[in-house]
Amino acid sequence: MAIYRIAIGSPGEAGQPDAIRAAFAEFFSMIIFVFAGQGSGMAYSKLTNNGPATPAGLIAASLSHAFGLFVAVSVGANISGGHVNPAVTFGAFIGGNITLLRSILYWIAQLLGSVVACILLKSATGGMETSAFSISSDLSIWNALVFEIVMTFGLVYTVYATAVDPKKGNVGIVAPIAIGVIVGANILAGGAFDGASMNPAVSFGPAVVSWTWTNHWVYWVGPFVGATIAAIIYDNIFIGDDGHEPLSSNSF
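On a predicted model such as this, the values are computed, not experimentally measured, just so you know.

What counts and how
By convention here, each chain's residues receive numbers from 1 onward along its written sequence. Totals for whole chains, interfaces and linings use every residue, but because this is a predicted model, local features are given only for residues with pLDDT of at least 70 and side-chain atom pairs only at 80 or more, for both listing and counting. Side-chain numbers come from the whole structure's heavy atoms, not from hydrogens or water. Comment: elements are numbered from the N terminus, with helices defined as DSSP H or I runs of at least four residues and strands as E runs of at least two. In this setup the radius of gyration rests on C-alpha atoms only. A globule is expected at 2.2 Å times the number of residues raised to 0.38. Each residue is assigned to one of three classes by its accessible area relative to the maximum for its type, calculated with a 1.4 Å probe on protein chains only: buried under 20%, partly exposed between the two thresholds, exposed over 50%. Computed with the Shrake-Rupley method and a 1.4 Å probe, the accessible areas treat only the protein chains shown as cover for residues. Counting rule applied: Lys, Arg positive; Asp, Glu negative; His and chain ends not counted. A charge is said to be at NZ when it belongs to Lys, at CZ for Arg, at CG for Asp and at CD for Glu. Among buried residues, the Ala, Val, Leu, Ile, Met, Phe, Trp, Tyr and Cys ones that are joined through side-chain atoms within 4.5 Å form a nonpolar core. The contact rule is simple, with two residues in contact once any of their heavy atoms fall within 4.5 Å. For this analysis, a salt bridge means a side-chain nitrogen from Lys or Arg found within 4 Å of a carboxyl oxygen belonging to Asp or Glu. Given a helix with a known number of residues, its expected span is that number minus one, times 1.5 Å. Orientation is described by lines fitted to C-alpha atoms, with helices fitted over the stretch in contact, and by angles between N-to-C directions that extend from 0 to 180 degrees. Convention used here: angles under 35 degrees read as roughly parallel, angles over 145 as roughly antiparallel, angles from 65 to 115 as roughly perpendicular, and any remaining angle as oblique. Helix crossings are classified by the rotation of the near helix relative to the far one: an anticlockwise turn of less than a right angle makes the crossing left-handed, while a clockwise turn makes it right-handed. Under the grouping applied here, Gly and all other residues not named as nonpolar or charged are polar, the nonpolar ones being Ala, Val, Leu, Ile, Met, Phe, Trp, Tyr, Cys and Pro and the charged ones Asp, Glu, Lys and Arg. Counting of polar contacts relies on pairs of N or O atoms within 3.5 Å, with two restrictions inside protein: one atom must be capable of donating a hydrogen and the other of accepting it, and residues adjacent in sequence are counted only when both atoms are side-chain atoms. Here a Phe, Tyr or Trp ring, Trp counted by its six-membered ring, pairs with any other such ring whose centre lies within 6.5 Å, and the pair is stacked when the planes are under 30 degrees apart, edge-to-face when over 60, and tilted otherwise.

Asks: Lay out the overall build of the protein in plain terms, naming residues and giving numbers.
Replies: Scanning the protein from N- to C-terminus turns up eight helices and zero strands. If you list the helices and strands of the protein from N to C, you get α-α-α-α-α-α-α-α. The C-alpha atoms of the protein give a radius of gyration of 17 Å, which matches the 18 Å a tight globule of 252 residues would have. Here the protein holds 252 residues, and 48% of them are scored as buried. Split by element, the accessible area of the protein, about 11400 Å² in all, is 69% carbon and sulfur. Here the protein holds 7 positive side-chain charges and 12 negative ones, and the gap between their average locations is 8 Å.

So, in structure tokens, the structure goes:
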């Protein structure tokens, strides 16, 4: 089972130069992603004078997040693995592809990156609101939780298939494209229902800056559960014991 391969890591790992570089890569990748994704929503609000959501607005949000994540993953891939998502990092940890200590370092960097991006957006737009994620009024909190679990499952499953699986071969640019596309597609599916976060850091930044925490736990529990299911299924069915190598300091 994948869960038996999880590793804590050495006490000094957080201070290693490659770990620090990887954390900075996650920090800057998250700024790039959140600034583009959250910024597109703020631009829509400005253009429509805070008008109601429309299908065109949903498509614009899908494209901005897909393009932004494609770039954010690409620029961080060779340094940190390009996780750009605490749930992806958790899925990699569950599959034994990253240690717990390095995961914590990534999580801190990812959360800080999201907060900084939202602060920059609020400052650059003259104080416009960085809206926190919210659940549609006609949707129950449990429905939203299912959305986040299923959407994040699809995302982390895609990450495993295109970036983690040792049998993937030289996929090059395919992995960032696939990861960006699945996020964009999931936003088209779930954006109208709960905002389609799939990423606790993406939800955390706007929540901090706007100080709005209503149902915020959904955007943590859902992605972490979905990531865990995807990691265990893909690792055990498609990678197996023979596909694993010992963890190194620059593992995904």
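Following the structure, the description resumes.
Asks: Would you mind going over the nonpolar core in detail, with residue names and values included?
Replies: By size, the foremost hydrophobic cluster in this structure holds 52 residues, and its most contacted members are Phe33, Leu69, Val84, Leu155, Tyr160 and Met198. The set of elements that each furnish at least two residues to this core consists of helix H1 (17-47), helix H2 (55-76), helix H3 (86-94), helix H4 (100-124), helix H5 (141-164), helix H6 (174-194), helix H7 (200-210) and helix H8 (218-239). It is H5 that contributes the most residues to this core, nine residues altogether. In contact with Leu69, other than residues within four places in its own chain, are Phe33, Val84, Ile179, Gly180 and Val183.

Asks: Explain the pattern of salt bridges residue by residue, including any values.
Replies: The full count for this structure, using the stated rule, is two salt bridges. The residue Asp18 makes a salt bridge to Arg102 at a minimum N-O spacing of 2.7 Å. In this pair, Asp18 sits in helix H1 while Arg102 sits in helix H4, placing the two residues 84 residues apart along the sequence. Like Asp18, the residue Arg102 is buried in the burial classification. The partner of Lys167 in a salt bridge is Asp165, with the nearest N and O atoms 3.3 Å apart.

Asks: Describe H1, listing the residues and the values that go with them.
Replies: If you check H1, its first and last C-alpha atoms are 44 Å apart, about what 31 residues at 1.5 Å a residue would give, namely 45 Å. Taken from the residues just after H1, Asn49 is the one with a positive phi, measuring 55°.

Asks: Before we move on, can you summarise the packing of H4 against H7 with the specific residues and values?
Replies: Relative to each other, H4 and H7 sit at 45°, their axes nearing to 8 Å. By the angle between their directions, the pair H4 and H7 is classed as oblique. In this structure, the crossing between H4 and H7 has a hand that is right-handed. Contact residues: H4 offers Gln110, Leu111, Ser114, Val115, Cys118, Ile119 and Lys122, while H7 offers Ala201, Val202, Phe204, Gly205, Pro206, Val208 and Val209. For the contact of H4 with H7, the per-class residue count stands at 10 nonpolar, three polar and one charged.

Asks: Before we move on, can you summarise the environment of Ala56 with the specific residues and values?
Replies: On the secondary structure map, Ala56 appears in helix H2. Assessed through its relative accessible area of 54%, Ala56 is described here as exposed. Between the alpha carbons of Ala56 and His83 there is a distance of 29 Å; along the sequence they are 27 residues apart.

Asks: Please give an account of the side chain of Thr99 that cites residues and values.
Replies: One can find Thr99 in the loop between H3 and H4. From its side chain, Thr99 meets the backbone nitrogen of Arg102 in a polar contact 3.2 Å long.

Asks: Which residues make up the packing of aromatic side chains, and what values go with them?
Replies: Under the definition given, this model contains 18 aromatic pairs. Ring geometry for Trp107 against Phe224: centres 6.1 Å apart, planes inclined by 45°, an arrangement best described as tilted. With a gap of 117 residues between them, Trp107 in helix H4 and Phe224 in helix H8 connect regions that are remote in the sequence. Ring plane angle 85° and centroid distance 6.2 Å describe the contact between Tyr157 and Phe238, whose orientation is recorded as edge-to-face. One end of the pair, Tyr157, is in helix H5; the other, Phe238, is in helix H8, with 81 residues separating them in the sequence. With a relative accessible area of 26%, Tyr157 lands in the partly exposed category. Every member of this aromatic cluster is reached through a ring pair, and the members are Phe90, Phe93, Trp107, Phe204, Trp211, Trp213, Trp220 and Phe224.

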